[in-house]
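Analysis of the macromolecular model
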Amino acid sequence: MTDKSYTTSITVKQSPAAVFAAINNVRGWWSEDVQGSTAALGDVWYYEARDLHRSTLKVIESLPGSRVAWRVLDNHFSFVADKTEWIGTTIAFDIEPVGEGARLTFTHLGLLPDHECYDVCHDAWGTYIRGSLKALITSGKGYPNAGAEITAEDPATLIEDTRMTNDSFTTSFTVDQSPEAAFAAIIDPRAWWSGEFEGGTRKLGDVFSYRYQEFHYSRQVVTELVPGKRVAWQVVEGMLSFVEDKTEWVGTTITFDIGRKDGKTEVVFTHEGIAPAVECYDTCSDAWTSLIRGSLKQLIESGKTELIELAAPAA
């Protein structure tokens, strides 16, 4: 997180201009019931989700293809003690070109872990940004709240339909080392991913298997390998011992996108297909966060790392 404020990012094949246009189409990905104009600098608009949440926002930055930012002028939550937690915070969308596509980094500056609304807001933003907004950018159709259909009494239930559209877990970090150094570390998972490996991981088409104790087995194919830019693995076989559907990973794709950001190298990790609706999501997202932001980052920065023993899944 940036200064502990909530942040998340997505990478798409569409242009920065297309991402910018989708962000400004707030009715297309957040709520159909937004009132007022949302696309021009100085616009003030109003969002409401029945009696759960209402907010007044102002467009304070609008740089085509680069950045959008909104300031929260007024806010009311029905489900926390401090109804005004969002007031004075800034919601920012930073866009940058990545290859032929773009990366969007979303940050809610001032939405902090010690806020009572943080867990609900964290989940909601994750599903809106990585689910609905990403879908709008990539397919032209998002999954905004439709006011007439919102009947939830519990705020967490409000985002359930959107949560189902979020098809991935993603996390990212930056390092001072080069994209080539990051690429070299990524394609050597034996050096940062604790467990047992068989097979090659360094060439396009390589097939390798991974096993972690009795909890996890998977077989993966290296499907993309662009030096200094991108690595992708397709999961073709899998077994998770701790969930009902043992094959939840099968058919999913694990990607690493590498690019330059503010003079540093950024690695964006995405496990496409591991959505919040998937039973293994909490365990898998926690494990990936430890491995990617812990072991892999350390390996890139220092050339060595201490392999993390992953926590046993809850029974």
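What this report covers is the structure whose coordinates are included nearby. (Residues numbered from 1 in each chain as written. Predicted model: local features only at pLDDT ≥ 70, side-chain atom pairs only at ≥ 80, totals over all residues. Heavy atoms only, no water.)

1. Thoughts on the pairing of strand 5 (residues 90-98)
Of all 9 residues that make up strand 5, 7 are buried, and the element is covered over most of its length. As judged from the 5 bridges shared by strand 4 (residues 67-77) and strand 5, these two strands associate in the antiparallel manner. When the bridges of strand 5 are listed, V68 appears paired with F93. Where strand 5 lies against strand 6 (residues 101-109), 9 bridges are found, and the strand directions are antiparallel. (Buried < 20%, exposed > 50% of the residue type's maximum accessible area, 1.4 Å probe, protein only. Helix = DSSP H or I, 4+ residues; strand = E, 2+ residues; numbered from the N terminus. Pairing = 2+ DSSP bridges.)

2. Focus: helix 3 (residues 118-139)
Here helix 3 is 22 residues long and its end C-alpha atoms lie 29 Å apart, about the 32 Å a rise of 1.5 Å per residue gives. Largest kink in helix 3: about 30°, centred on Y128. The element helix 3 is largely enclosed, with a buried count of 16 among its 22 residues. A positive backbone phi angle near 85° is found at G140, which sits one or two residues after helix 3. (Expected span 1.5 Å × (residues − 1). Bend = angle between axes of the 7 residues up to and from the residue.)

3. Let's talk about the packing of aromatic side chains
One pass over the structure, following the stated rule, counts 32 aromatic pairs. Centre to centre, the rings of F106 and W125 are 4.6 Å apart; their planes meet at 50°, and the pair counts as tilted. Taken together, the residues F106 in strand 6 and W125 in helix 3 connect sequence positions 19 residues apart. Here F106 falls in the buried class, since its relative accessible area comes to 0%. (Phe/Tyr/Trp six-rings, centres within 6.5 Å; stacked < 30°, edge-to-face > 60°.)

4. Quick word on the sheet that holds strand 1 (residues 6-12)
If you walk across this open sheet you meet the 6 strands as 1-6-5-4-3-2, and the pairing is antiparallel. Looking along the sheet, the strands with just one partner apiece sit at the ends: strand 1 and strand 2 (44-49). Here the strands of the sheet are splayed against their neighbours by 20° on average, with no regard to which way each runs. Here 7 bridges tie strand 1 to strand 6, and the two strands are oriented antiparallel to one another. Following the sheet pairing, V12 is matched in strand 6 by A102. Against the sheet, helix 1 (residues 16-24) touches strand 1, strand 3 (53-63), strand 4, strand 5 and strand 6, its axis set at about 160° to strand 5. Relative to the sheet, helix 3 contacts strand 1, strand 2, strand 4, strand 5 and strand 6, its axis offset from that of strand 1 by approximately 15°. (Axes fitted to C-alpha atoms, helices over the stretch in contact; angles between N-to-C directions. Contact = heavy atoms within 4.5 Å.)

5. Describing the sheet that holds strand 7 (residues 168-175)
With respect to topology, 7 strands assemble into an open sheet ordered 7-13-12-11-10-9-8, the strand pairing being antiparallel. The sheet is open, and its two edges are formed by strand 7 and strand 8 (196-199), each paired on a single side. Averaged over all adjacent pairs, the angle separating strand axes in this sheet is 20°, with direction ignored. Here strand 8 pairs with strand 9 (residues 207-212) via 4 bridges, running antiparallel. Opposite F197, over in strand 9, you have Y210 as the bridge partner. Where helix 6 (residues 179-186) meets the sheet, its contacts fall on strand 10 (216-226), strand 11 (230-240), strand 12 (253-261) and strand 13 (264-272), and the angle it forms with strand 12 comes to roughly 160°.

6. Observations regarding the side chain of T38
With respect to the helices and strands, T38 occurs in the loop between helix 2 (26-29) and strand 2. Judged by relative accessible area, which is 6%, T38 ranks as buried. Within the structure, the side chain of T38 is placed 2.7 Å from the backbone oxygen of N24, a separation counted as a polar contact. In this structure T38 touches N24, V26, D43, W45 and V59, once residues within four positions along its chain are discounted. (Polar contact = N/O pair within 3.5 Å; in protein donor to acceptor, adjacent residues only side chain to side chain.)

7. Considerations on the packing of helix 6 against helix 7 (residues 281-302)
Two elements in contact, helix 6 and helix 7, have axes separated by 9 Å at closest approach and are oriented at 130°. Viewed along their axes, helix 6 and helix 7 adopt a mutual orientation that is oblique. When the axes of helix 6 and helix 7 are compared, the crossing they make is right-handed. When helix 6 is examined against helix 7, the residues A181, A182, A185 and I186 are found in contact with a partner set consisting of L296, L299 and I300. When its residues are assigned to classes, the contact of helix 6 with helix 7 shows 7 nonpolar, no polar and no charged. (Parallel < 35°, antiparallel > 145°, perpendicular 65-115°, else oblique. Left-handed = near helix turned anticlockwise from the far one by under 90°. Nonpolar A, V, L, I, M, F, W, Y, C, P; charged D, E, K, R; others polar.)

8. Let's talk about the pattern of salt bridges
On inspection of all chains with the given rule, the structure shows 11 salt bridges. Here R219 and E237 are joined by a salt bridge, their closest N and O atoms 3.5 Å apart. Of this pair, R219 sits in strand 10 while E237 is found in strand 11, placing the two residues 18 residues apart along the sequence. You can call E237 partly exposed: its relative accessible area is 34%. With its nearest N and O atoms 2.9 Å apart, the salt bridge here joins E301 to K297. Of the two residues, E301 and K297 are both situated in helix 7; the distance of 4 residues between them amounts to about one turn of the helix. Classification of K297 as partly exposed rests on a relative accessible area of 22%. One network of salt bridges, in which partners are shared, links E96, R103, K261 and E266. (Salt bridge = Lys/Arg side-chain N within 4 Å of Asp/Glu carboxyl O.)

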